[in-house]
Amino acid sequence: MTVDTNHALDVGLELKWVHGNSYDAEVSVVTPDSGYVAGELKVGLPPAMAATPEVEYLTFAFTHRSGPSSDLVKTNRRTIRITFSPAKPKVSAFAVVNGKVAGQDSKTYPKRS
């Protein structure tokens with residue numbers, strides 16, 4: 001996996017049991033300036049990336065506009081409902097900027113409450 005060092009972002013992943021095998025996955029990404037525009041959070045790998053099938057992958061897409069921007073640090077959050085499977089006991093979330101991975105966090109599913 002190639003990480004874009006020009007856009008190294010802090011990524012956080014929280015998993016919360018909802019009911020049955022359903023969990024809410026909240027992905028938070030800290031962006032260091034106002035040039036970042038948050039897109040969608042989707043289930044799946046970032047573009048052109050291969051990985052193991054034992055993990056549920058999430059991708060939070062961003063674009064970064066060139067030109068002047070303010071030093072506005074912002075935490076961007078998105079939540080998506082995912083389903084636990086014993087075949088995929090772990091979740092990995094990626095922040096992708098202009099098509100390149102810029103950060104990642106992983107967690108195992110927590111025990112049901």
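Each remark here, short or long, concerns the structure printed above.
Conventions adopted
- Residues numbered from 1 in each chain as written.
- Predicted model: local features only at pLDDT ≥ 70, side-chain atom pairs only at ≥ 80, totals over all residues.
- Heavy atoms only, no water.
- Pairing = 2+ DSSP bridges.
- Helix = DSSP H or I, 4+ residues; strand = E, 2+ residues; numbered from the N terminus.
- Axes fitted to C-alpha atoms, helices over the stretch in contact; angles between N-to-C directions.
- Phe/Tyr/Trp six-rings, centres within 6.5 Å; stacked < 30°, edge-to-face > 60°.
- Buried < 20%, exposed > 50% of the residue type's maximum accessible area, 1.4 Å probe, protein only.

Trainee: Report on the sheet that holds strand β3 (residues 36-43), specifying residues and quantitative values.
Mentor: Two modes of strand pairing occur in sheets, parallel and antiparallel, and in both the strands are linked by backbone hydrogen bonds. Within the open sheet, the 4 strands sit side by side as β3-β4-β6-β7. Their pairing is mixed. Strands at the two margins of the open sheet, each flanked by one partner only, are β3 and β7 (100-108). The average angle at which neighbouring strand axes cross in this sheet is 20 degrees, direction not considered. Bridge analysis of strand β4 (residues 55-64) against strand β6 (residues 90-97) gives 8 bridges, and the strand direction is parallel. Note on β6: the bridge partner recorded for V55 is K90.

Trainee: Summarise the packing of aromatic side chains; cite the residues concerned and give the values.
Mentor: As enumerated under the stated definition, the model contains 4 aromatic pairs in all. Centroid distance Y23 to Y109: 4.9 Å. Interplanar angle 65 degrees. Geometry classified as edge-to-face. With Y23 in strand β2 (residues 22-31) and Y109 in the segment after β7, this residue pair connects regions lying 86 residues apart in the sequence. The burial state of Y23 is the same as that of Y109; both residues are buried. An aromatic cluster is built from Y23, F84 and Y109, whose rings are joined through pairwise contacts.

Trainee: Mind laying out the sheet that holds β2, listing which residues take part and the relevant values?
Mentor: Reading across the sheet, the 3 strands line up as β1-β2-β5 and stay open at both edges, with antiparallel pairing between neighbours. A single partner strand is all that each edge strand has here, and the edge strands are β1 (10-19) and β5 (74-83). Going across the sheet, the axis of each strand differs from the next one's by a mean of 20 degrees, ignoring polarity. Bridge count for β1 against β2 is 9 bridges, and the pairing is antiparallel. Residue pairing across strands places D10 opposite V30, the latter belonging to β2.

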